[in-house]
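# Breakdown of the fold
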Amino acid sequence: MGPVKATGTAPRTETVDTEAGTARITWRPAREPRLLLALGHGAGGGIEARDLRALAAALPAHGVSVALVEQPWRVAGKKLAPAPRTLDTGWRGLWPVLAAPGLPVVAGGRSAGARVACRTASGLGARAVLALSFPLHPPGRPEKSRKDELLASGVPTLVVQGGHDPFGRPAEFPPGEYRIAEVPHGDHGFAVPKRSGVTEDQAMEILTAAVTGWLAGIV
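Given the structure is predicted, the values throughout are model-derived calculations rather than measurements. (Residues numbered from 1 in each chain as written. Predicted model: local features only at pLDDT ≥ 70, side-chain atom pairs only at ≥ 80, totals over all residues. Heavy atoms only, no water.)

### Brief notes about the overall build of the chain
- A tally of regular secondary structure across the chain gives six helices and eight strands.
- For the chain, the α and β elements follow one another from N to C terminus as β-β-β-α-β-α-α-β-α-β-α-β-β-α.
- What you see for the chain is a C-alpha radius of gyration of 16 Å, in line with the 17 Å of a compact globule of 219 residues.
- With the C-alpha coordinates of the chain rotated into their principal frame, the extents come out at 40 × 40 × 35 Å.
- In the chain, which comprises 219 residues, the proportion classed as buried is 50%.
- Once local pairs closer than 6 in sequence are excluded, the contacts in the chain between residues at least 24 apart make up 62%.
- Working note: accessible area of the chain is about 10000 Å², and carbon and sulfur atoms make up 52% of it.
- Mean positive and mean negative side-chain charge positions of the chain (25 and 19 charges, respectively) differ by 2 Å. (Helix = DSSP H or I, 4+ residues; strand = E, 2+ residues; numbered from the N terminus. Rg over C-alpha atoms; globule rule 2.2 N^0.38 Å. Buried < 20%, exposed > 50% of the residue type's maximum accessible area, 1.4 Å probe, protein only. Contact = heavy atoms within 4.5 Å. Areas by Shrake-Rupley, 256 points an atom, 1.4 Å probe, with all protein chains shown as cover. Lys, Arg positive; Asp, Glu negative; His and termini not counted. Charge placed at Lys NZ, Arg CZ, Asp CG, Glu CD.)

### Quick notes on unusual backbone geometry
- Located in the positive-phi region is Ser133, a residue other than glycine, with phi close to 50°.
- Tracing the backbone shows Ser133 in the loop between strand 6 (128–132) and helix 5 (147–151).
- When its relative accessible area of 0% is taken as the criterion, Ser133 is described as buried.
- Look at Phe190: it is not a glycine, yet its phi comes out positive at around 65°.
- Owing to a relative accessible area of 0%, Phe190 belongs among the buried residues under this scheme.

### Remarks on the sheet that holds strand 8 (residues 179–183)
- Taken in spatial order, the eight strands of this open sheet run 1-2-4-3-5-6-7-8, and their pairing is mixed. Each edge of the open sheet carries a strand with a single partner, namely strand 1 (12–18) and strand 8. Between one strand axis and the next, the sheet turns through 20° on average, direction left out of account. (Pairing = 2+ DSSP bridges. Axes fitted to C-alpha atoms, helices over the stretch in contact; angles between N-to-C directions.)

Everything listed is a geometric property; what it means functionally is a separate question.
Here you go:
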């Protein structure tokens, strides 16, 4: 997939009060949207993650508006993410704002944000789930599997996973009613080593192509 010329409208940012605190949404709207993809960040970073930025830049040209969601703990400047229950509370508190435009909403996120999306999708009425770098288990602890969260999403789900992700390589994922796409050589943040022969731009093209193709089938 080559470079995509942006055809969306200007981004805008708004804050939303939730029971977990004040969250923030950065909107990247498409000119003629048919879907909204809401993307939450992980526990170790924010919406500046390379995969979130790449999707926010590419998808509006394909009729998919993107909402980059910053959880209250991140907006407040805290360094450590709270417990999963609190993350879910913040996400649920944002949902009415995400649904307000009247578009089908695909819940998504990377790492901890992917877990939130999977845990809450059915209850919130998400059309589908995009799980980026789903942390199937802590590094080196495959017995501590979080597969039940993924398998219980209850909606069409795409996992995009780095081939060398220490939180779970693609081959480690269990059978289930979801799709999985691999970014070769990618780590948990989809960084690729120079020796792999894959550049960061190429890795992001693989990721955005997989997500764009999958979203084309979500109606």
